[in-house]
Every structure is written in structure tokens, then in C-alpha cells.
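Residue-level listing of the chains:
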Amino acid sequence: MDIQLWTYILVGLSFVIYIGIAIWSRAASTGDFYIAGGRVHPIANGMATAADWMSAASFISMAGLIAFMGYDGAVYLMGWTGGYVLLALLLAPYLRKFGKFTVPDFIGDRYYSDVARTVAVICAIIVSCTYVAGQMRGVGVVFARFLEVSVDAGVYIGMGIVFFYAVLGGMKGITYTQVAQYCILIFAYMVPALFISFQLTGSFIPQIGFGSTLADGSGTYLLEKLNQLNTELGFAEYTAGTKSMIDVFAITLALMIGTAGLPHVIVRFFTVPKVRDARKSVGYALLFIAILYTTAPAIASFARVNMIETVSDREYSEVPAWFTNWEKTGLITYNEKNLDGKIQYVADEDANELIIDHDIMVLANPEIANLPNWVIGLVVAGGLAAALSTAAGLLLVISTSISRDLIKKQINPDISEKAELAWARVAAGGAVLVAGYFGINPPGFVAATVALAFGLAAASFFPAIILGIFDKRMNREGAISGMVAGIMLMLFYMIKYKLGGFGGGGPEGWWFGISPEGFGAVAAAVNMIVAIIISRLTSEPPEEIGLMIENIRYPGGTKG
Amino acid sequence: MGKEDKMKKYWRANLKYVGILMGIWFLVSYGFGILWVEQLNEIRLGGFKIGFWFAQQGSIYAFVILIFIYIWLMNRLDIEYGVYED
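These lines cover the structure that appears in this document, whether it is placed above or below.

About the cut-offs
Residues numbered from 1 in each chain as written. Chains lettered and ligands numbered in written order. Predicted model: local features only at pLDDT ≥ 70, side-chain atom pairs only at ≥ 80, totals over all residues. Heavy atoms only, no water. Helix = DSSP H or I, 4+ residues; strand = E, 2+ residues; numbered from the N terminus. Rg over C-alpha atoms; globule rule 2.2 N^0.38 Å. Buried < 20%, exposed > 50% of the residue type's maximum accessible area, 1.4 Å probe, protein only. Contact = heavy atoms within 4.5 Å. Areas by Shrake-Rupley, 256 points an atom, 1.4 Å probe, with all protein chains shown as cover. Buried area = accessible area lost by both parts, 1.4 Å probe. Salt bridge = Lys/Arg side-chain N within 4 Å of Asp/Glu carboxyl O. Polar contact = N/O pair within 3.5 Å; in protein donor to acceptor, adjacent residues only side chain to side chain. Core = buried A, V, L, I, M, F, W, Y, C linked by side-chain atoms within 4.5 Å. Phe/Tyr/Trp six-rings, centres within 6.5 Å; stacked < 30°, edge-to-face > 60°. Patch = residues over 30% accessible without salt bridge, like charges linked within 9 Å, V, L, I, M, F, W, Y side chains within 5 Å. Lys, Arg positive; Asp, Glu negative; His and termini not counted. Axes fitted to C-alpha atoms, helices over the stretch in contact; angles between N-to-C directions. Parallel < 35°, antiparallel > 145°, perpendicular 65-115°, else oblique.

What to know about the overall build of chain B
Phase 1: Scanning chain B for helices and strands turns up 3 helices and 2 strands.
Phase 2: Its C-alpha atoms give chain B a radius of gyration of 18 Å, clearly above 12 Å, the size a compact globule of 86 residues would have.
Phase 3: Judged by the C-alpha coordinates and their principal axes, chain B covers about 55 × 25 × 15 Å.
Phase 4: For chain B, the residues scored as buried account for 55% of the 86 residues in total.
Phase 5: Here the contacts in chain B between residues at least 6 apart in sequence split such that 58% fall between residues at least 24 apart.
Phase 6: For chain B, the accessible area works out to roughly 4400 Å², and carbon and sulfur atoms hold 64% of it.

Take a look at the structure:
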């Protein structure tokens, strides 16, 4: 069977599973809709969190990015996993004990202030909207490449599927669909990885193959070979990287605390029955994520060796079929410069003739390694699972922010549960439309907005929640001024150095040599410092807040 | 021992665990993977330079292990202080 037929079968099958689960797990109450009734098993929640967290970017783009960044790729690997340690040790158990539905709930209650709640709602919506646009776009691109429909049609199909299970099932439907999506995406990621690792190094386990010798009998280690190839072509050594140490440090830190502050991740730990289940499900989530995240750098190195060996200095007329196939999509561009008919892939931009989009490393991997057609279909289904699961999680945050944090908590507190649930569904439906709109008309600054989403989460939520739990003296005035200071500074830096506003500026103008991607770490620190100083200058929080903090610090009594 | 004292001790024990584990978290990622990566890269294990390995593999394994150690420590603490939920 050909690739296209396999892709239709496997993608179709996965969609049938998602819709089946959605019908089976309809939400009956707001509790079901917001937190799946608080009855999700920690292992299931771990899987759902992993699928929620691993987006189209993790599945499709990350290995390719690392292949081109070498050592510097560690900022993503450590940054997007280390945040789970913060979640397990500093956030999840206490937020579970707090026992409400959303992050703005916690901020609003802990800081006894609707202003704080509103600031949190706005942040949650901005962060989630910027993030979800990229996911819908990812769905469209995958459809366009493999199923020969336009990107727009792909986005519509994706919207239809997400609409169905997010609106019908809320968190309950999303959770169980995400469990299925995790299984599909991890299987799809690992199968080609195992084969390619075996072909290249003789070891089926990519994490081991990564540090092994090549299977060509030369006795050279894979990474040595890669350093050698990189140096010959004029790139930095693969294991060395090019970013400054302080920037690597800052980006890693910003991504870690950003991860721990993302509302769609945090809300997942409201769905388990007990405090200790919250800790446990963070552990399982990271375990499931680590399977992909420790494989990705191995795939990156395999793909880079394969790619250089297959195309570098080869006659253009002799390249394999996958090369010309991807050339048609514009993701590989070849531009003969010295007219010798050979492909020069080198660091020097004037002599380089080949540009490879990092997104295709994972998608083209099975073709590069000559794997059977069904593996390619599987990778497509996996990429869609990754994008859809993340999109659904984000849509839920947006709809909950509107129906609960705005309507129920501020505009109309007397609303009946039935009406609130109806609002939640309407908001989810509206959010799907907005996400689809941005998927079809992507804002020109998508790359900047993802960095912005992490930066804002780091600069706003993380310090406010941590201080709310660990610093009893923290009060309304401190938290609000800290959040506002953090967000403003983050926005200013991002607009100045990423989008060219306020006079713009390049790397030479960066404060302390820290890039906009890493600036979230600085903004978070500023948030904390401002919050602590202001809180000490203003009055203590009311007595009942002290009791509330005492209460969330110990497990017990979360039933109900 | 009153309930309040007991809970204060529980919280202090928790903070101690968190402090130690966060120290290790910092050491394996920011320490081994970033600050001392060049020094550690002088040492090799198979095809890996150790600093590079910590940055792209080892720190992630350590994160998973750290969380499961915390789970185990806290379950023990919960039982000891009678706040284990069933």
C-alpha cells in the first residue's frame, strides 16, 4: 500500500478513537467540565499531562532544532522538563489541596482581590491564545503535506475534531482523549527512532545508540563523527554550541519557570482525587515526557549524520527521492552557486547551497531511513495527536477563564450551574473559532509569541503562586504590583528586542547578554523582588488568608 | 504535642526535603550541564562527553528520579504525621 493510503487509514482510525472517547465521556456538571470531576487516576493524568504538554513543536520541530543547534539544544531539553520538578515540589500538591478549578481562582482567592483575579485571567487568555494558534497551524501543515488538502482545509478539519470533544466533554473528554493521544504519539515517535538507531549504531535503544560507535565498522563514536563532520563543513562542534553560557542559563531557567507557570499544565493537577495523587501524577507526567525528550537529542544526532552523509558534496542528479519530494513543499531549498552540480552544505552562507527547514527532520526521518510506508502514516497520526491534544488543553483554559473566572466569579455570581456549563461550552466553541482564525491567518510573529507565552507565564503566574504558598506575609498589594512589574518588563523587552519597537536593538544591546527568550527569568526575579518589597511596606493580609495558607500546606480533607 | 506544633514540624520537614532536592536539581542541570560543562567534557563515558551528556540526557533522568524520591519521602512523612489520605 502506498504512503497516502496508510496515512488515511491510520489518521482516520485515530480520529474515530477520539470521537468515540468524546461520546463516552460527556460532561454532566461544571466539575466534570472543568476538572473531570476530580476523579482521574494519577497514571492516566500523567499521560494526559504529557500529551497536553508535548505540542506539535515537541513532536515535529524539536529534534530538528537540536540537530542544527547541537549542545545549545539542551536549553529546550532541560528547560521543558526541569519545570516539572518545580511543579512537583513547589506547586501541584498545594494547588490540589486548595481544591478549586483554575489558576485565576487561586490568585483571586489567595490575594482576596478581583483585580488580581482579572490580571490573572488576562494573562491566562493571552498565554493560551498565542500558544493555540501555533497548534492549529501545525495541524494544517501536517494535513497539507501528507493528505494533499490545503493548509486551510487541514485547519478546518482539526477545528471540527477539537470542537467535538472539547465542547461535548470538557476536561473529562479532553483527559481521556489525551490518554489515547499520548499512546499514539509516543508509539509514532519511538518506532522510527528504534529502527534508525539500530541502522546507524547497531543498538535498538536510541539513548544508548546516541553514545555508541557507528555500525559501519569504523569504530568511530557517533558524536565524534558528528563533531568531525561539523568542523569540516565550518560549523561549531556539535557538542560545543555557540550561545554564551549566561544566555543558555537564562533561557533554560525561563523555560523551566514558564513551564511551571503555564495554566493548561497547572490545571491538570486539579483533576486528581488527592494531594499525594497530584505529586504522583507530576512524576508520571515527567516520566512519560522523558521518554520522548531523551529520544529527541538522539534522533537529532542520527538525522544530522544521515543528512550530511546523504547529501553533502553529492551530485544533485543522484539525490534520493525524498529529497526531491520535500523540495516540492519548499521545506528543502537547493540553490546551485558554484555550478559544479554538487550540493555544498557548509556554514559559510555565501557558499552554502542547501537550506533545510528544521521541521522536516522528524517527518522525513522514516523516508531518509527507508522505513516501510506504514511508519510514515504513523508519524503523521502522531504529529496530529500531539497538536490536537495541546490545542484542546489550551482551549479549555480559555473557556474556563471566561465562564468561571469572569462570568461566575465577577459578572453574575448567581448563575445556575446549568447556565454556567452552557457558557463554558459556548466559550469553548468560541475559542475554537478564534484558534482556527489564527491558524488560517497566522500572525507574522508566531515564533516570537511562543517565547512570549513562556516569558509571560514565568513573569506573572509562577512568582505569584510560589509566594502565595511559601510566603505568608505576601499580600494583595505586593502580588499585584509584582505581576504588573514582571509583565510590563517582559513585554517591553520582547517588543524592543524581538519586534523592533522602542527603538529596537540587536544582541549587542541585550541586558547582561540575555536574549528575549531567556528574559522571562529576569522578569520573574523582578516580579518577586517588587512583590516582597511592596508587601513589607503595606498592611498584612487578613487573618483568614493566613488560615487558608496553613490549610493548603497539609494534605487531608480533599474529598468532595 | 499540639496539632499546631505538629503541623509546623511537618512543614519544616517538607521544606528541608524540598531544599535538598532543589539543590540536586540545580546541580545536575545548571551545574553539570551548563556552568561546569567544559570541565566535565574532559571526561568521557563511551561516546559521550560527560558535560554534554548531562545537558542532553542525564539531567532529565535526574529530574524524574528526584520527583519519585520526593513522592516517597512525602508519603512517609504524611503517614508519620497522620495526614495520609485514604
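Quick notes on the interface of chain B and chain A
Phase 1: Each side of the interface is counted separately: chain B has 44 residues, and chain A has 55 residues.
Phase 2: Summed over both sides, the interface between chain B and chain A buries roughly 4300 Å², with carbon and sulfur atoms accounting for 71% of that surface.
Phase 3: Among the residues chain B hides against chain A, the three largest losses belong to B:Trp11, B:Gln56 and B:Glu85. Together they make up 16% of the total.
Phase 4: One can count 3 salt bridges joining chain B with chain A.
Phase 5: Counting across the chain B and chain A interface gives 13 residue pairs in polar contact (both at pLDDT 80 or more).
Phase 6: Sorting the residues of the side of chain B that touches chain A by element identifies α1 (3–35), β2 (48–49) and α3 (50–80) of chain B as the ones contributing at least two each.

As for the nonpolar core
Residue and element names in this part refer to chain A.
Phase 1: By size, the foremost hydrophobic cluster in this structure holds 234 residues, and its most contacted members are Trp53, Phe59, Tyr84, Ile107, Tyr293 and Ile465.
Phase 2: For this core, the element with the highest residue contribution is helix α8 (residues 151–201), accounting for 21 residues.
Phase 3: Beyond its immediate sequence surroundings of up to four residues, Trp53 is in contact with Trp80, Tyr84, Tyr131, Thr259, Leu262, His264, Val265, Ile289, Tyr293, Thr390 and Phe454.

Some details on the side chain of A:Thr81
Phase 1: Within the element layout of this structure, A:Thr81 appears in helix α5 (residues 74–98).
Phase 2: On the accessibility criterion, A:Thr81 (0% relative accessible area) is buried.

Structural notes on the packing of aromatic side chains
Phase 1: Under the counting rule described, the total for this entry stands at 41 aromatic pairs over all chains.
Phase 2: Taking 5.7 Å as the distance between ring centres and 80° as the angle between the ring planes, the aromatic pair formed by A:Tyr284 and B:Phe68 counts as edge-to-face. In this pair, A:Tyr284 sits in helix α13 (residues 275–311) while B:Phe68 sits in helix α3, so the two residues belong to two different chains.
Phase 3: Exposure remark for B:Phe68: the relative accessible area of 28% places this residue in the partly exposed category.
Phase 4: Judged by centre distance (5.3 Å) and plane angle (75°), the rings of A:Tyr493 and A:Trp511 are edge-to-face. Pair noted here: A:Tyr493 is in helix α20 (residues 476–497) and A:Trp511 is in the loop between α20 and α21 (519–537), with a separation of 18 residues, a long-range link.

Concerning helix α10 (residues 222–232) of chain A
Phase 1: For α10(A), the set of buried residues is A:Leu222, A:Leu223, A:Lys225, A:Leu226, A:Asn227, A:Leu229 and A:Asn230.
Phase 2: Turning to α10(A), the residues buried within the fold contact α8, α9 (206–209) and α13 of chain A together with β2 and α3 of chain B.
Phase 3: At the exit of α10(A) stands A:Gly234, carrying a positive phi of roughly 90°.

Describing the pattern of salt bridges
Should their charged atoms come close, side chains of opposite charge can pair.
Phase 1: One pass over the structure, following the stated rule, counts 15 salt bridges over all chains.
Phase 2: Residue A:Arg117 is joined to A:Asp105 by a salt bridge in which the shortest nitrogen-to-oxygen separation is 3.6 Å. Remark: A:Asp105 occurs in helix α6 (residues 103–110) and A:Arg117 occurs in helix α7 (residues 114–146); sequence separation between them is 12 residues. A:Asp105 matches A:Arg117 in its accessibility class, with the two residues each being buried.
Phase 3: Here A:Arg279 and B:Asp78 are joined by a salt bridge, their closest N and O atoms 3.3 Å apart. In this pair, A:Arg279 is assigned in helix α13 and B:Asp78 in helix α3, connecting two distinct chains.
Phase 4: On the basis of relative accessibility, which here comes to 2%, the residue A:Arg279 falls in the buried class.
Phase 5: With relative accessibility at 2%, the residue B:Asp78 sits in the buried group.
Phase 6: Here the salt bridges share partners, and the residues they tie into one network are A:Lys100, A:Asp105, A:Asp109, A:Asp114, A:Arg117 and A:Arg404.

Overview of the environment of A:Thr118
Phase 1: Tracing the backbone through its elements, the reader meets A:Thr118 in helix α7.
Phase 2: C-alpha separation for the pair A:Thr118 and A:Asp105, spaced 13 residues apart in sequence, amounts to 9.9 Å.

Quick word on a nonpolar patch on the surface
Residue and element names in this part refer to chain A.
Phase 1: Together, Leu194, Phe195, Phe198, Phe204, Ile205 and Ile208 make up a nonpolar patch on the protein surface, roughly 530 Å² of accessible area in all.
Phase 2: Broken down by element, the residue count for the nonpolar patch peaks at 3 residues, all from α8.
Phase 3: Tracing the sequence through the fold places Phe198 in helix α8.

Here we look at the side chain of A:Lys97
Phase 1: Structurally, A:Lys97 is set in helix α5.
Phase 2: Among buried Asp, Glu, Lys and Arg side chains, A:Lys97 stands out as unpaired, with B:Glu85 the closest opposite charge at 7.0 Å.
Phase 3: Looking at A:Lys97, its side chain comes within polar contact range of the main-chain oxygen of A:Asn551, at 2.8 Å.

What to know about the packing of α5(A) against α13(A)
Residue and element names in this part refer to chain A.
Phase 1: The interhelical angle for the contact between α5 and α13, taken along N-to-C directions, is 175°, at an axis separation of 8 Å. Relative to α13, the element α5 is oriented roughly antiparallel. Residues Tyr76, Leu77, Trp80, Thr81, Tyr84, Leu87, Ala88, Ala92, Pro93, Arg96 and Lys97 of α5 form the contact with α13, whose own contacting residues are Val275, Ala278, Arg279, Val282, Ala285, Leu286, Ile289, Tyr293 and Pro297.

Honestly, that's just the spatial picture; any functional story needs more than this.
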